[in-house]
Amino acid sequence: MEEEQKAESIEKPEEKKVLVDDTKKDNTFNSNKEEKEPSDESKTIDELVAKDQQIISTDSRFKKPIIKIEGVNKSFKVGNEWVKILKDINLEIYPREFVVILGPSGCGKSTLLNTIIGLEKPSTGKVTVRGHDITNYTLDQLSQFRLKKYGVVYQKPDWIKSLSVIENVALPLAITDIPKKYRHNRAIDLLRKLKIDHRAYYAPSELSGGQQQRATIARALINNPWIIVSDEPTGNLDSESAAVVMDIFRGLNEDSKRTIIMVTHNIDYVHYATRTVYMRDGEILNKKINI
Ligand SMILES: Nc1ncnc2c1ncn2[C@@H]1O[C@H](COP(=O)(O)OP(=O)(O)OP(=O)(O)O)[C@@H](O)[C@H]1O
Ligand SMILES: [Mg+2]
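Residues numbered from 1 in each chain as written. Chains lettered and ligands numbered in written order. Predicted model: local features only at pLDDT ≥ 70, side-chain atom pairs only at ≥ 80, totals over all residues.

S.K.: So what's going on with helix α8 (residues 209-221)? Which residues, and what values?
M.R.: Helix length check: α8 (13 residues) gives 19 Å between terminal C-alpha atoms against 18 Å at 1.5 Å per residue, within 8%. When you tally the buried positions in α8, you get eleven out of 13 residues, the bulk of the element. Q211, Q212, Q213, R214, A215, T216, I217, A218, R219, A220 and L221 are the residues of α8 that are buried. (Helix = DSSP H or I, 4+ residues; strand = E, 2+ residues; numbered from the N terminus. Expected span 1.5 Å × (residues − 1). Buried ≥ 20, exposed ≤ 12 C-beta atoms within 10 Å, placed from the backbone.)

Structure, rendered in structure tokens:
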């Protein structure tokens, strides 16, 4: 409880400073009844996205980074030794960018991505997301933050096997006070967009790899996040399904104006990016913007 109050006191002044309208977005799924706009509960994803467009373009105009990584180092203890995996990473990611983080296996891409979403704590340095320094957040604050701000897509879907596809997709909303009917409406709306609604009531294991990944993307979007992070989303897919997934990401970036950060070791995906960040041995090699 104390932690929650602390989180509130950390967040509120900065929300106002960074972007006044941001409070509207956050209230979309805010469990605090007094602050919520009740009409949002029944909104479809299209309506929520349309509502966000103006806010996002305002953000772009000011060109404030949505994510700022400053002097991040990360070491892991292996046996008796500390091994430095991330070495003085400095990176700014701006709204509406599609950033591909490219590098060979073992160079630290997943570690960097996990640091960005707060799954790994930097050994030193700071990660700021939309003006919030998440480095010292508690685990509880971090999981709330991740749920609200990020849509996360991994290489392998992590389904709850006893639930249907639609139940899995709607699951992140289960902790909100949005009624089940609206949670499921929103889930089916997304599944339809991703052309997988005909499998909504199947078990996840009854779907092909490509279909599962499309459903995973639907789940990642259920909270209408502004930032979508993905670690090798096409790693388990055939080339046709991989192209479908990449086109979905492109649409989310170009049409829905979402910020995308994608990790891969596949150079073929560089052309989807508005910027490619190259990593080697825990370091960023350059930060050239290709647009
Ligand atoms: N929890 C951990 N404990 C010890 N070492 C770790 C841990 N997590 C990652 N590492 C090491 O950090 C290095 C970078 O790992 P990371 O998973 O970030 O690489 P990657 O670039 O994502 O590789 P890949 O493309 O194969 O997924 C590896 O040598 C890995 O063994
Ligand atoms: Mg990895």
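Read on for the rest.
S.K.: So what about the packing of helix α7 (residues 180-193) against α8? Which residues, and what values?
M.R.: One can describe the packing of α7 onto α8 by two numbers: an axis separation of 9 Å at closest approach and a directional angle of 135°. Relative to α8, the element α7 is oriented oblique. Regarding α7 and α8, the two cross each other, and that crossing is right-handed. Residues A187, L190 and L191 of α7 form the contact with α8, whose participating residues are A215, A218 and L221. Here the contact of α7 with α8 is built from residues that sort into six nonpolar, no polar and no charged. (Axes fitted to C-alpha atoms, helices over the stretch in contact; angles between N-to-C directions. Parallel < 35°, antiparallel > 145°, perpendicular 65-115°, else oblique. Left-handed = near helix turned anticlockwise from the far one by under 90°. Contact = placed C-beta atoms within 7 Å. Nonpolar A, V, L, I, M, F, W, Y, C, P; charged D, E, K, R; others polar.)

S.K.: Lay out helix α9 (residues 239-254) in plain terms, naming residues and giving numbers.
M.R.: Taking 1.5 Å as the rise per residue, α9 with 16 residues should run 22 Å; its terminal C-alpha atoms sit 22 Å apart, in good agreement. Among the residues of α9, A242, V245, M246, I248, F249, L252 and N253 are the ones counted as buried. When α9 is viewed along its axis, its buried side chains cluster within an angular range of 150° and face the same direction. In this structure, α9 carries E240, D247 and E254 as exposed residues pointing more than 90 degrees from its buried face. Turning to α9, the residues buried within the fold contact β3 (98-102), α8, β7 (227-231) and β8 (259-264). (Arc of directions from axis to C-beta.)

S.K.: I'd like to hear about the packing of α8 against α9, residue by residue, with values.
M.R.: Relative placement of two packed helices is described by the angle separating their axes and the distance separating the axes. Two elements in contact, α8 and α9, have axes whose closest approach is 9 Å; the angle formed by their N-to-C orientations is 15°. Taken together, α8 and α9 sit at an angle that is classed as roughly parallel. Relative to α9, the crossing made by α8 is right-handed. In this structure, α8 uses G209, G210, Q213 and I217 to contact α9, whose residues at the interface are S241, V244, V245 and I248.

S.K.: Describe the site of ligand 1, listing the residues and the values that go with them.
M.R.: As a structural note, the neighbourhood of ligand 1 is formed by F76, V78, I85, G103, S105, G106, C107, G108, K109, S110, T111 and H265. At the level of elements, β1 (67-78) and α4 (109-116) are the ones that each hand at least two residues to the shell around ligand 1. With three residues, α4 is the single largest residue contributor to the shell around ligand 1. Its residues assigned to classes, the shell around ligand 1 comprises four nonpolar, seven polar and one charged. (Near = placed C-beta within 6 Å.)

S.K.: Requested: an account of the sheet that holds β1, with residues and values cited.
M.R.: One open sheet holds the four strands; their spatial order is β2-β1-β4-β5, and the pairing between them is antiparallel. On the outer flanks of this sheet lie β2 (81-93) and β5 (132-133), each paired with one strand and no other. (Pairing = 2+ DSSP bridges.)

S.K.: Tell me about the environment of V245, and name the residues and values.
M.R.: As for its placement among the helices and strands, V245 is situated in helix α9. Separated by eleven residues in the primary sequence, V245 and T234 have C-alpha atoms spaced 7.1 Å apart. When residues no more than four places from it in sequence are discounted, the contact partners of V245 are Q213, P233, T234 and L237.

S.K.: Quick rundown of unusual backbone geometry? Include the residues and the values.
M.R.: The residue D88 is not glycine, and still its phi comes out positive at about 45°. You can see D88 is positioned in strand β2. The class for D88 is partly exposed, based on 14 C-beta atoms found within 10 Å. Within the chain, E232 stands out as a residue other than glycine whose phi angle is a positive 50°.

S.K.: Go over the pairing of β8 with me, naming the residues and quoting the values.
M.R.: With six of six residues buried, β8 lies mostly within the body of the structure. Burial along β8 is two-sided: the residues T259, I261 and V263 and I260, M262 and T264 are all buried. Both β3 and β8 contribute to a ladder of five bridges, which runs parallel. Bridge pairing in β8 links V100 to M262. Here five bridges tie β7 to β8, and the two strands are oriented parallel to one another. Residue pairing across strands places D231 opposite V263, the latter belonging to β8.

S.K.: Before we move on, can you summarise the nonpolar core with the specific residues and values?
M.R.: Among the nonpolar cores identified, the biggest contains 62 residues, and V169, A218 and I261 are the most heavily contacted of them. No other element matches α9, which puts six residues into this core. (Core = buried A, V, L, I, M, F, W, Y, C linked by C-beta atoms within 7 Å.)

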